[in-house]
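# Architecture at a glance
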Amino acid sequence: MLITLDETIKLINDGKILHIAADDSLLQKLPKGKWIGGTTPYFIAEEGGIHTKDMLFVNEFDFAEEIRIAVYGKYNVFQIVEECFDNGLTMLIMPYSSEVAAKYSKEAPYVEELLMHPTIGWIAGADLETGGEYKVYDGENGTSYSDKAVAMYLKLPEGKTAMVNMLNIFVDDKNDPIIRFNDNDLDVVNCIVDGKEVNFAEYIEKNGLDTMMPLVADYNGSYINTSIKSVEDGSVSFYAPVFRNIDYRFATHVGDYAAEFKRKIVEAEAHNPVFSCNCILNYLYGNLNGQKIPPYTGPVTFGEVAYQLINQTLVYCEILGD
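This section reports on the structure supplied with the text. (Residues numbered from 1 in each chain as written. Predicted model: local features only at pLDDT ≥ 70, side-chain atom pairs only at ≥ 80, totals over all residues. Heavy atoms only, no water.)

This part covers the overall build of the protein chain. Secondary structure summary: the protein chain contains seven helices and 27 strands in total. What you see for the protein chain is a C-alpha radius of gyration of 19 Å, in line with the 20 Å of a compact globule of 322 residues. Each of the three principal axes of the protein chain carries a C-alpha extent, and together these read 60 × 40 × 40 Å. When the 322 residues of the protein chain are sorted by exposure, 55% land in the buried category. When contacts within the protein chain are restricted to residue pairs at least 6 apart in sequence, long-range pairs at least 24 apart make up 75% of them. On the protein chain, roughly 14,200 Å² of surface is accessible, and the fraction owed to carbon and sulfur atoms is 44%. In the protein chain, 25 positive and 48 negative side-chain charges are present, and the distance between their average locations comes to 2 Å. (Helix = DSSP H or I, 4+ residues; strand = E, 2+ residues; numbered from the N terminus. Rg over C-alpha atoms; globule rule 2.2 N^0.38 Å. Buried < 20%, exposed > 50% of the residue type's maximum accessible area, 1.4 Å probe, protein only. Contact = heavy atoms within 4.5 Å. Areas by Shrake-Rupley, 256 points an atom, 1.4 Å probe, with all protein chains shown as cover. Lys, Arg positive; Asp, Glu negative; His and termini not counted. Charge placed at Lys NZ, Arg CZ, Asp CG, Glu CD.)

What follows is the structure in structure tokens.
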């Protein structure tokens, strides 16, 4: 829910368990309490997509029996799989362009234990026009960080389980050539196209490829996006890493983002997500400002976490059970 600063402060002072997303100017004013947060001025609210520095998006986790909050750096971020509750949900927020986010993005797919512990979260950002620091907050001690990750562990009642899922409006074109990469990296020069090594930037330019469309890999029927950040000086940079020995293709063009999300929402049949977030690239490329995609309200983010880091995707969590 998108609410005022005074309303948010009241919830904190009432002892509510909260996730909070807002501009840093508001997060700095919050009292200590049972909350974690991250910076962004972009949101999908019940009223539609909105850019605001005057309101905060707040999720109340009233289903949790117990919580713990912890802060991690790049060397120990994967302790999240050791310190979470056996039956719980992990909320993880990391600052954009931080070393801890880069570490997580490159190594999370190889941490098998992650798949055994529901983990959801996002990458904190800033206003794209005016800039600002990318920060996360440990509300328990009132400290902010631009170089660390913050996690909230939520213990679920017996009989309840957390289900992390995603909505991806992109699919690959099976008629396009397969693209492979030699390393796991956020920046690449060369790639392998149908078995031949080429300069990736030149390949994109020569073929007139739309870099607003992500690369898509088919992971046993689930499509995972990797979005292109920039193409310059013969190099291509990504918002999340590409991985070696994975088959990629460019996504087929999507004309109407909002309509595609609504179609996917009908297919997903999610009735009451306790948290969701949507990528800033979807917000921008799909012109989601003012667009409603209920029931998926939440922060617009600079990367999404559904176990691993993904891009141009909506992720959400439901609590299932009696």
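For the rest of this paragraph, the subject is the side chain of T301. On the secondary structure map, T301 appears in strand β24 (residues 298-301). Among the residues examined, T301 registers a relative accessible area of 0% and is labelled buried. One polar contact links T301 to E304, side chain to side chain, over a distance of 3.0 Å. (Polar contact = N/O pair within 3.5 Å; in protein donor to acceptor, adjacent residues only side chain to side chain.)

Take the sheet that holds strand β20 (residues 228-232) next. Spatially, β15-β21-β20 is the arrangement adopted by the three strands of the open sheet, whose pairing is antiparallel. Whereas interior strands pair on both sides, the edge strands pair on one side only; in this sheet they are β15 (185-188) and β20. In this sheet, adjacent strand axes meet at a mean angle of 15° when their direction is disregarded. In this sheet, strand β21 (residues 235-242) lies alongside β20 in antiparallel orientation, the contact comprising four bridges. Looking at β21, one finds that E232 is bridged to S235. (Pairing = 2+ DSSP bridges. Axes fitted to C-alpha atoms, helices over the stretch in contact; angles between N-to-C directions.)

Going through the model one piece at a time under the given rule, you end up with one cavity of 30 Å³ or more. Roughly 60 Å³ of internal volume is contained in the largest cavity. Looking at the largest cavity, the residues that line it are Y219, I224, N225, T226, A240, P241, F243, Y248, Q308 and L309. Counting residues per element, the lining of the largest cavity draws most heavily on strand β19 (residues 222-226), at three residues. (1 Å grid on protein atoms, 1.4 Å probe; cavity = no way out; pocket = protein on both sides within 12 Å on 5 of 7 lines; lining within 4 Å. Points joined across faces, edges and corners; volume = space filled by probe spheres on them.)

The next point concerns the environment of D233. Mapping D233 onto the fold places it in the loop between β20 and β21. Residue classification places D233 among the exposed residues on the basis of a relative accessible area of 80%. Each C-alpha atom, one on D233 and one on F302, is 24 Å from the other, the two residues being 69 residues apart in sequence.

Take the environment of D147 next. Relative to the helices and strands, D147 resides in the loop between β11 (143-145) and β12 (149-155). With 73 residues separating them in the primary sequence, D147 and K74 have C-alpha atoms 8.5 Å apart. For D147, the residues in contact, after removing those within four places along its chain, are P95, S98 and V100.

Taken together, the side chains of L128, M212, L284 and Y285 define a hydrophobic patch exposed on the protein surface, amounting to about 330 Å² of accessible area. Its place among the elements puts M212 in the loop between α5 (200-206) and β18 (215-219). Relative accessible area serves as the criterion here: at 35%, M212 is assigned to the partly exposed category. (Patch = residues over 30% accessible without salt bridge, like charges linked within 9 Å, V, L, I, M, F, W, Y side chains within 5 Å. Salt bridge = Lys/Arg side-chain N within 4 Å of Asp/Glu carboxyl O.)

What follows concerns helix α4 (residues 99-107). Every buried residue of α4 is listed here: V100, A101, Y104 and S105. Buried positions in α4, seen along its axis, are confined to an arc of 130° and lie on one side of it. (Arc of directions from axis to C-beta.)

Bringing the packing of aromatic side chains into the picture now. Taken as a whole, this structure holds 16 aromatic pairs when the rule is applied. Put simply, the rings of F181, F200, Y203, F238, Y248 and F250 touch in pairs and so form one group of aromatic residues. (Phe/Tyr/Trp six-rings, centres within 6.5 Å; stacked < 30°, edge-to-face > 60°.)

Let us look at the layout of surface pockets. Over the atoms, a rolled probe matching the size of one water molecule traces out where space is still vacant. Estimated volume of the largest pocket: approximately 740 Å³. Surrounding the largest pocket, 31 residues form its lining, M166, Y219, S222, I224 and Q308 being those nearest its centre. Of all the secondary-structure elements, those providing two or more residues to the lining of the largest pocket are β13 (160-167), β19, α6 (257-268) and β26 (308-310). A per-class count over the lining of the largest pocket returns 21 nonpolar, six polar and four charged. (Nonpolar A, V, L, I, M, F, W, Y, C, P; charged D, E, K, R; others polar.)

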